[in-house]
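Chain residues, written in single-letter form:
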Amino acid sequence: MNEEKTTSFESPIHARLQALHRELSGISEGDVATYIPELAKANPDWLGICVVTANGGIYEAGDTRQTFTIQSISKPFVYGLALEDQGRESVLRKVGVEPTGDAFNSISLDPDTGCPRNPMINAGAIATTGLVEGKTPLIRLQRIIDMFGKYSGRTMTVDEAVYRSESATGHRNRAISYMLRNFDILTGDPMPVAETYFQQCAILGHCLDLATMAATLANRGLNPITGQQAIRGEYVESVLGIMGTCGMYDYAGQWLYEVGMPAKSGVAGGIAAVLPGQLGIGVFSPRLDKHGNSVRGIRACSELSRDWDLHLFNRAGVGNSMIRHRFTAAEYGSSRVRAARERVAIGKHGNSVVQYQLQGNLVFATAEPIIRELTAVPAEVESIILDFHYVHSMNETACRLFHDILLQFHSAGRNVLFCAVNSIPHLRRVLKTKLGNRCDELFRVFEDNDTALQWCEDHLLERVLPPLPEMSIGADNYELLNGFSSDELVILRKFFERREWKAGETICNAGDAAREIYLLARGRVSVHYPLENGRSKRLAVFTAGMAFGEMAVLDRAPHYTNIVADIHTACDLISMAKLIALGISYPKIKIRLLENLALSLCSKLRKANQEASLLA
Ligand code: GLN
């Protein structure tokens, strides 16, 4: 049998989790919760640690697939659902957002309003469950279960035994529910709400679920594994805010001080911790401390936080890396092949076109250096290209800043060109709202940087160069016929023939055998490289005075591109047979022609090399 050789390296991140798991396995402090009788059956030695990053990396060590009931970890997620169902203001009228420093089962209501202090203590959580929409308790429960499914990417179920066990013994939670009814925080019969609360606490999950749920919150509500939105982005800050201040009950202050991540624990031994924008951690170990938090869960999160510098308040500055490249058109030209006089003009005036290749997630702090740079652009700059190809996302604030700068540039008579904005629909929406019917005029969108750059170069050349007359052999204005005497040109004319194409007509197809060298007398042709997906990439554009088709004639390989007339085009062309005949009758002329060809290839190669070195 053929054994396939594979090399695999262990990720140092995985290795760290394994080591942490070994290190914490020896700790046996704390006790498994027993006040819900069914929870007492947990194996106290279970220990699972899992990290899921906001871009979908997964790392696991230990019992990460052992299911347990999520208990209080359900609270912030159900709070998010209540926010979506009722809106922030209605929810705030019923449940506060102040940490209490009390135990999770404290009956902590505001004496004046009867509102629970926050949604993480049981009183607030039960009130929150009462805010979930749905005609019947069953529908409400199903909506809660479905929501958890979006967060975890897995169908979740309720552990009936744990639910029944808590329902049979949960008199204190029932008392809390009646208190909430007394203050009209709950309306109607409070008992079904208490049951739904017991059921949501008895939803089964494992460490990977917790870490994925946390990573979804870290990723502004978008599950990084499934790509599904679990909660509207605007509510994520509220859920995480509450987790940050109240998630660890009467240990919340110390937790935020030491570990520095919004988190939520449950009495079955789970902890979910979120580092916004970066990752989620899920830990499970059933032995609890006196606050009701998993002993080894807290240790795992503290160690990872210290080890990997995860503390929320210990963030590095955003740096200046959102401008990936900055070029002028003089430094980096478009793929359009330009005539000598055009190249000279672009070299001389190209500083008036500046291209910015942007990258990353644009929010206030990352957009600000770009805006600062743009406001300082020199007065001679007439066109600015903003290339968003490497921008992952842009928030409303960043979009507004670009809108403001666009308006200023526009009234100063500067062109602003936006490239590759398809993947950030938000920008179009914001500009459309703010610019109204001026949007089409001001918001100039190009598919890619190259087409935008061509537009700017054309614009610039129109301004600085007088138009050319139609070319012909003899007028000494084809680049390839430089240096020939008028007698030689008379001879050459006999070997060339004139041919014309209408706009859109194909001149040659990829795969065609090499036939002719074309000198463009009038019009414009573009060269398209066919891609596998049936589309094509435009490689170059030629205008009057230039030659094309020469490479295939030189190396006799078939054409690898499609060449199309963009507008009505005329060429003087020489066939391969005629070129051979020219060599036989007038070898000196042929040598000169080949020298000119070599020169033109040199200048193309030089341009390509220079640009490649800028990208290195
Ligand atoms: N169902 C549990 C209770 O209400 C949840 C408490 C917790 O996990 N801290 O007592």
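Structure shown above.
S.K.: Hey, could you run me through the sheet that holds strand 16 (residues 506-508) in this one?
M.R.: By definition, the strands of a sheet pair up through backbone hydrogen bonds, in either a parallel or an antiparallel sense. Taken together, 4 strands build an open sheet; the order of strands is 16-21-18-19 and the sheet is antiparallel. One side of each edge strand has no neighbouring strand; the edge strands of this open sheet are strand 16 and strand 19 (536-543). The sheet shows a mean angle of 30° between the axes of neighbouring strands, direction not considered. The pairing of strand 16 with strand 21 (residues 562-565) spans 2 bridges and is antiparallel.

S.K.: Help me out: how do you make sense of the packing of helix 4 (residues 122-129) against helix 8 (residues 190-201) in this one?
M.R.: When two helices pack together, their arrangement is captured by the angle between the axes and the distance separating the axes. Running from amino to carboxyl end, helix 4 crosses helix 8 at an angle of 105°, the nearest separation of the two axes being 9 Å. Accordingly, the angle class assigned to the pair helix 4 and helix 8 is roughly perpendicular. Mapping the contact onto sequence places Asn122, Ala125, Ile126 and Thr129 in helix 4 and Val193, Thr196, Tyr197 and Gln200 in helix 8.

S.K.: Just checking my understanding: could you explain empty space enclosed by the protein for this structure?
M.R.: Over the atoms a probe the size of a water molecule is rolled, and this reveals where empty space is left. For the structure on display, the rule yields 1 cavity of 30 Å³ or more. If you add up the space inside the largest cavity, you get close to 140 Å³. Lining the largest cavity are 15 residues, and of these Glu479, Met546, Ala547, Ser600 and Lys604 lie nearest its centre. Broken down by element, the lining of the largest cavity gets its largest block of residues, 4 residues, from helix 22 (residues 587-615). Grouping the constituent residues of the lining of the largest cavity by class yields 7 nonpolar, 3 polar and 5 charged.

S.K.: So what exactly am I meant to see when it comes to a nonpolar patch on the surface here?
M.R.: A contiguous nonpolar patch, built from Tyr529, Leu531, Leu539, Met551 and Tyr560 and spanning about 450 Å² of accessible area, is present on the exposed surface. By the element assignment, Met551 lies in helix 20 (residues 550-555). For Met551, a relative accessible area of 42% corresponds to the partly exposed category.

S.K.: I would appreciate a short explanation of the site of the ligand in the present structure.
M.R.: The immediate surroundings of the ligand are formed by Tyr35, Gln71, Ser72, Phe104, Asn122, Glu166, Asn173, Tyr197, Cys201, Tyr249, Gly266 and Val267. Val267 is positioned with one of its backbone polar atoms (N or O) 2.8 Å from an oxygen atom of the ligand. Contact with the protein chains removes 99% of the 300 Å² of surface that the ligand exposes when unbound.

Rules and cut-offs
- Residues numbered from 1 in each chain as written.
- Predicted model: local features only at pLDDT ≥ 70, side-chain atom pairs only at ≥ 80, totals over all residues.
- Heavy atoms only, no water.
- Pairing = 2+ DSSP bridges.
- Helix = DSSP H or I, 4+ residues; strand = E, 2+ residues; numbered from the N terminus.
- Axes fitted to C-alpha atoms, helices over the stretch in contact; angles between N-to-C directions.
- Parallel < 35°, antiparallel > 145°, perpendicular 65-115°, else oblique.
- Contact = heavy atoms within 4.5 Å.
- 1 Å grid on protein atoms, 1.4 Å probe; cavity = no way out; pocket = protein on both sides within 12 Å on 5 of 7 lines; lining within 4 Å.
- Points joined across faces, edges and corners; volume = space filled by probe spheres on them.
- Nonpolar A, V, L, I, M, F, W, Y, C, P; charged D, E, K, R; others polar.
- Patch = residues over 30% accessible without salt bridge, like charges linked within 9 Å, V, L, I, M, F, W, Y side chains within 5 Å.
- Areas by Shrake-Rupley, 256 points an atom, 1.4 Å probe, with all protein chains shown as cover.
- Salt bridge = Lys/Arg side-chain N within 4 Å of Asp/Glu carboxyl O.
- Buried < 20%, exposed > 50% of the residue type's maximum accessible area, 1.4 Å probe, protein only.
- Near = heavy atom within 4 Å.
- Polar contact = N/O pair within 3.5 Å; in protein donor to acceptor, adjacent residues only side chain to side chain.

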